[in-house]
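Single-letter residue listing:
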Amino acid sequence: MIKNKTSKLFGLVLISINILSDLSGDPGEIIAVKLNQNEVVNSHLIIEKEGVRYAMIALPFDKQGKSIKFNNRNILINEKNFGESRITIENTSMVNLSSEDSLRAFKESQLIKKALGKYSTEFKSNLSFIIPVEGVISSRYGKKRYINESPRSPHLALDIAATTGTEIVAPERGKVILIGDFFYSGNYLILDHGHGLLSSYSHLSKINVSVNQFIEQGEKIGEIGSTGRVTGPHLHWSVYLDNTRINPESIIKKNFLETIL
């Protein structure tokens, strides 16, 4: 009897959540929200098609099972199991940081955070991305990450393994806004694709662009390497929309924009 009451109560909760949520989607995805004719939106990528405007909203990984608010709408973020990833790093000084390395990593994270908080409104992506490097996907977005058997932050990027020196190209046109040699990321750069959409590239052996340079889609930006904290040569590719890390595999799908409008 108690079990039945609990089941019914749980069902009512789920129904209540769905009623309160106007839209829903998986964590790490982009959802297109149709805007009213005179609806005002700030700091969002807006795509217009056939006279209708759509706001591109990123669904945060860490809000699973909860709703986020966009203007007067509630968007439910589904819960999803992405699996896990376990890696071993032989150089334990890259895992258990000294106070000096910890301070360096923190300062670099603040520098990256600051760069990701700025973007241009002079150009806009149509979300027609291409894959930045040919290789083998070695770790997908969303996996629970264990390093030397110790739990770490989830892997909110796409890892593509290839031999050192393999060409990396810009998946979409954009402007280089940050280049550095960082503790975790090694040789690293960020591309600004406009209106809150940015992408970053880690562990490069060579960077072929400079800060403030405008890059066209398909143009070489660097080469695969194993700089920073890695287990082998690969590209760690992150994509951000309004400071939310989204799933890079989603936006390289053919006709991605058409699938969400």
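Above this text you will find the structure in question.
Since the structure is predicted, the reported quantities are computational estimates derived from the model, not experimental observations.

Draft legend 1. Seen up close, the overall build of the chain. On a plain count of helices and strands, the chain comes out with four helices and 20 strands. Against the globule reference of 18 Å for 261 residues, the chain gives a C-alpha radius of gyration of 20 Å, in line with a compact fold. Taking the principal axes of the C-alpha coordinates as reference, the chain spans close to 60 × 50 × 35 Å. Here the chain holds 261 residues, and 44% of them are scored as buried. Counting only contacts in the chain whose residues sit at least 6 apart along the sequence, the fraction spanning at least 24 positions is 67%. With an accessible surface of roughly 13900 Å², the chain has 49% of that area assigned to carbon and sulfur atoms.

Draft legend 2. The sheet that holds strand E12 (residues 167–169), seen in detail. If you trace the three strands from one edge of the open sheet to the other, you get E12-E18-E16, paired in antiparallel fashion. The open sheet is flanked by E12 and strand E16 (206–207), the only strands paired with a single partner. Here E16 pairs with strand E18 (residues 220–223) via two bridges, running antiparallel. The residue of E18 that forms the bridge with Ile207 is Gly222.

Draft legend 3. Representation of the side chain of Asp192. Relative to the helices and strands, Asp192 is located in strand E14 (residues 186–192). The side chain of Asp192 sits in the buried core without any salt bridge; Lys175 is the nearest counter-charge, 6.6 Å away. In this view, Asp192 contacts Tyr119, Ser120, Phe123, Gly174, Lys175, Ile177, Leu197 and Leu198; residues no more than four positions away in its chain are not counted.

Draft legend 4. Spatial organisation of the environment of Gly196. By the secondary structure assignment, Gly196 is in the loop between E14 and strand E15 (197–204). On the basis of relative accessibility, which here comes to 1%, the residue Gly196 falls in the buried class. Residues Gly196 and Ser125, 71 residues apart in the sequence, show an inter-C-alpha distance of 10.0 Å. Once residues within four sequence positions are removed from consideration, Gly196 is found in contact with Tyr119, Tyr240, Leu241 and Asp242.

Draft legend 5. Fine view of the environment of Ser153. Inspection of the secondary structure assignment puts Ser153 in strand E10 (residues 150–155). Using a relative accessible area of 58% as the deciding quantity, one classes Ser153 as exposed. Between the C-alpha atoms of Ser153 and Lys143, which are 10 residues apart in sequence, the distance is 9.2 Å.

Draft legend 6. Looking closely at the sheet that holds strand E5 (residues 67–70). Strands sit in the order E1-E6-E5 across an open sheet of three strands; the sheet is mixed. The open sheet has two edge strands, strand E1 (23–25) and E5, and neither has a second partner. Ignoring which end each strand starts from, the neighbouring axes of this sheet average 30° apart. Two elements, E5 and strand E6 (residues 73–77), share four bridges in a ladder whose sense is antiparallel. Paired with Ile68 across the two strands is Ile75, which belongs to E6.

Procedures and definitions
Residues numbered from 1 in each chain as written. Predicted model: local features only at pLDDT ≥ 70, side-chain atom pairs only at ≥ 80, totals over all residues. Heavy atoms only, no water. Helix = DSSP H or I, 4+ residues; strand = E, 2+ residues; numbered from the N terminus. Rg over C-alpha atoms; globule rule 2.2 N^0.38 Å. Buried < 20%, exposed > 50% of the residue type's maximum accessible area, 1.4 Å probe, protein only. Contact = heavy atoms within 4.5 Å. Areas by Shrake-Rupley, 256 points an atom, 1.4 Å probe, with all protein chains shown as cover. Pairing = 2+ DSSP bridges. Lys, Arg positive; Asp, Glu negative; His and termini not counted. Salt bridge = Lys/Arg side-chain N within 4 Å of Asp/Glu carboxyl O. Axes fitted to C-alpha atoms, helices over the stretch in contact; angles between N-to-C directions.

Read these as geometric descriptors, not functional statements.
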